[in-house]
Amino acid sequence: MGHRLADASTPARLAAPDEGIGRDELALATRNHGLPLEALRHDITPPGLHYVLTHYDIPYVPDGSPWSLTVDGRVRRPLRLDLPDLRRFPQVTTRVTLECAGNGRALLTPRPVSQPWLVEAVGTADWTGVPLRLLLAEAKVGPDAVDVVFTGADHGVERGVEQDYRRALPVESATGDDPEVLVAYAMNGAPLPPQHGRPLRLIVPGWYGMAQVKWLRSITVVDEPFTGFQQAVAYRLRRDPEDVGEPVTRIAPRALLVPPGFPDFMSRTRVIRPGTVALEGRAWSGRAPVTRVEVSTDAGHTWRDAEQAPDDGRRWAWRRWRYDWTATPGEHVLSARATDGEGHSQPLEQPWNRGGFANNLVQRVPVLCLDEEGGPPAR
Ligand SMILES: Nc1nc2c(c(=O)[nH]1)N[C@H]1C(S)=C(S)[C@@H](COP(=O)(O)O)O[C@H]1N2
Ligand SMILES: [Mo]
């Protein structure tokens with residue numbers, strides 16, 4: 001065997017029927033953690049509980065080390081900005097729910113072999129930074145601009161392709177203000193933690209995680225569609241490796257439950273007692289505001305409307321919902337389903353594509369309700 005990388009990108013692998021999670025997926029899962037679902041109770045995800053996804057290594061950027069961001073390509077005035085320069089621009093803070101496009105992947109059959117998320121690849125933070133459009137205005141974007149390419153400081157190899165992590169946005173999205181794209185230097189009022197992009201990252205409200213480039217070091221305006229790996233090869237919805245596929249963009253609606261009662265250590269089954277159980281959770285969509293949340297307590301057969309918290313105008317953050325359920329002894333499967341203002345909702349049958357992207361299958365939460373007396377379940 002030669003000591004060289006594969007010279008073409010090989011398709012991502014699908015697990016064989018009944019193939020368990022492998023060492024490769026386990027290695028990713030221990031590096032990239034999800035939101036413990038009980039943390040859905042917080043409006044803003046506490047430090048360390050926000051999900052993390054990093055393709056390669058987290059760059060080593062000690063506190064106070066110099067950093068510069070370049071803005072170049074099809075611009076009339078290329079820029080090189082350090083952190084104090086960026087802080088001189090107007091500052092905006094936006095509460096944004098981020099979700100990985102691969103959320104839910106490990107529940108699919110066949111399972112795309114990659115970071116094996118169940119449903120927990122989500123988190124919400126207040127992100128502070130400079131509106132991207134102000135930087136691009138300062139650089140004077142040329143009339144022939146098509147895409148704006150964002151490069152992170154992390155480097156790796158993926159399916160045989162050596163690369164910097166790189167993603168692009170259409171120039172209209174990059175220079176627009178709905179949503180307001182940020183070059184962020186703070187998360188919840190503090191400098192970005194290393195795993196979330198210290199010292200700079202992109203925040204594109206409403207878009208799946210892959211667009212939120214961390215460790216941002218350059219912004220390049222180009223005059224043709226960007227065809228880098230993370231744009232043209234990964235993050236496309238395709239059923240066959242040969243399909244061109246549709247690009248993954250905005251977050252599809254999803255509702256999750258705060259796990260009720262208490263968990264069984266190994267199975268994670270929730271244990272409750274009979275009577276009124278206040279079910280609550282969060283719902284979000286990157287396409288249009290969530291207009292309806294429904295709850296099912298019978299494995300998706302019947303649905304009732306949940307009550308959504310009043311709209312607080314934070315368009316890009318998840319919203320709380322609740323529903324009072326009268327639990328009776330026995331086994332139950334609980335679900336919640338979000339629908340947004342454009343009529344997008346969540347399927348009960350798995351939507352499938354080779355990457356397991358943008359899949360928003362309704363969550364199923366198995367619950368064991370004990371007999372009146374309480375005590376250990378009689379089994
Ligand atoms: N530079 C860089 N940016 C990146 C990534 C990466 O691997 N490198 N991963 C992306 C993916 S796939 C996701 S889901 C989000 C995760 O952001 P978080 O770790 O802050 O939650 O970062 C995105 N930005
Ligand atoms: Mo992701």
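Residues numbered from 1 in each chain as written. Chains lettered and ligands numbered in written order. Predicted model: local features only at pLDDT ≥ 70, side-chain atom pairs only at ≥ 80, totals over all residues. Heavy atoms only, no water.

> Go over the overall build of the protein with me, naming the residues and quoting the values.
When you go through the protein residue by residue, the secondary structure sums to 5 helices and 22 strands. For the protein, the C-alpha radius of gyration of 22 Å lies close to 21 Å, the compact-globule estimate for 379 residues. Counting all 379 residues of the protein, 51% fall into the buried class. Counted over contacts in the protein with a minimum sequence separation of 6, partners at least 24 positions apart contribute 73%. Accessible area of the protein: about 18,000 Å², with a carbon and sulfur share of 52%. In the protein, the 44 positive side-chain charges and the 48 negative ones have mean positions that sit 3 Å from each other. (Helix = DSSP H or I, 4+ residues; strand = E, 2+ residues; numbered from the N terminus. Rg over C-alpha atoms; globule rule 2.2 N^0.38 Å. Buried < 20%, exposed > 50% of the residue type's maximum accessible area, 1.4 Å probe, protein only. Contact = heavy atoms within 4.5 Å. Areas by Shrake-Rupley, 256 points an atom, 1.4 Å probe, with all protein chains shown as cover. Lys, Arg positive; Asp, Glu negative; His and termini not counted. Charge placed at Lys NZ, Arg CZ, Asp CG, Glu CD.)

> Go over the pattern of salt bridges with me, naming the residues and quoting the values.
Summed over the entire model, instances satisfying the criterion amount to 21 salt bridges. E294 is paired through a salt bridge with R337; the nearest N and O atoms lie 3.2 Å apart. Of this pair, E294 sits in strand 17 (residues 290-296) while R337 sits in strand 21 (residues 330-340), and the two are 43 residues apart along the sequence. The class for E294 is buried, based on a relative accessible area of 8%. In this structure, the salt-bridge partner of D324 is R322, at a minimum N-O distance of 2.6 Å. A residue is classified by how much of its surface remains accessible, and D324, at 44% relative accessible area, is partly exposed. A relative accessible area of 38% places R322 in the partly exposed class. Connected via shared salt-bridge partners are R41, D43, E280, R282 and R320. (Salt bridge = Lys/Arg side-chain N within 4 Å of Asp/Glu carboxyl O.)

> Explain the site of ligand 1 residue by residue, including any values.
Around ligand 1 there are 20 residues in total, and H55, D154, H196, R201 and K214 lie nearest to it. Separating an oxygen atom of ligand 1 from a backbone N or O atom of H55 is a distance of 2.8 Å. Taking Q212, its main chain carries an N or O atom lying 2.9 Å from a nitrogen atom of ligand 1. In isolation ligand 1 has 530 Å² of accessible area, and contact with the protein removes 100% of it. (Near = heavy atom within 4 Å. Polar contact = N/O pair within 3.5 Å; in protein donor to acceptor, adjacent residues only side chain to side chain.)

> Which residues make up the side chain of D164, and what values go with them?
Mapped onto the secondary structure, D164 falls in strand 6 (residues 161-170). Since its relative accessible area comes to 17%, D164 is described here as buried. A polar contact is formed between the side chain of D164 and the side chain of H155, at a distance of 2.6 Å. Look past the residues within four positions of D164 in its chain and what remains in contact with it is T151, G152, D154, H155 and R217.

> Go over the UniProt feature "domain: Moybdenum cofactor oxidoreductase dimerisation" (unreviewed entry) in the protein, please, and point to the residues and values.
With numbering matched to this structure, UniProt assigns "domain: Moybdenum cofactor oxidoreductase dimerisation" (unreviewed entry) to residues 274-367. Summarising residues 274-367: 0% helix, 47% strand, and an end-to-end C-alpha distance of 11 Å. (UniProt positions renumbered as here; feature names shortened; annotations may be inferred.)

> Describe the UniProt feature "domain: Oxidoreductase molybdopterin-binding" (unreviewed entry) in the protein, naming the residues involved and giving the relevant values.
If you check UniProt for "domain: Oxidoreductase molybdopterin-binding" (unreviewed entry), the listed places come out as residues 57-229 in our numbering. End C-alpha to end C-alpha, residues 57-229 measures 17 Å, and it is 11% helix and 39% strand.

> Any chance you could break down the sheet that holds strand 22 (residues 365-369) for me, citing the residues and the numbers?
Spatial ordering of the open sheet is given by 14-15-22-21-17-18, a layout of 6 strands whose pairing is mixed. Strand pairing shows two members of the sheet lacking a second neighbour, strand 14 (262-263) and strand 18 (304-305), which therefore form its edges. (Pairing = 2+ DSSP bridges.)

> Can you tell me about the packing of aromatic side chains, naming the residues and giving the values?
Throughout the structure, instances matching the rule amount to 3 aromatic pairs. On the numbers, 5.8 Å between centres and 80° between planes, the contact of Y51 with W117 is edge-to-face. On the criterion of sequence distance, the pair formed by Y51 in the loop between helix 1 (23-31) and strand 1 (68-73) and W117 in the loop between strand 3 (92-99) and strand 4 (122-131) is long-range, its members being 66 residues apart. The buried category is assigned to W117, whose relative accessible area is 2%. (Phe/Tyr/Trp six-rings, centres within 6.5 Å; stacked < 30°, edge-to-face > 60°.)

> So what's going on with the pairing of strand 3? Residues and values would help.
Of all the 8 residues making up strand 3, 6 are buried; the element is thus mostly covered by neighbouring parts of the structure. As paired strands, strand 3 and strand 4 are joined by 8 bridges and run antiparallel to one another. Following the sheet pairing, T94 is matched in strand 4 by W127.

> Tell me about the sheet that holds strand 16 (residues 275-284), and name the residues and values.
Spatially, 13-16-20-19 is the arrangement adopted by the 4 strands of the open sheet, whose pairing is antiparallel. Either end of the sheet is taken by a strand with one partner, and the two such strands are strand 13 (254-257) and strand 19 (307-308).

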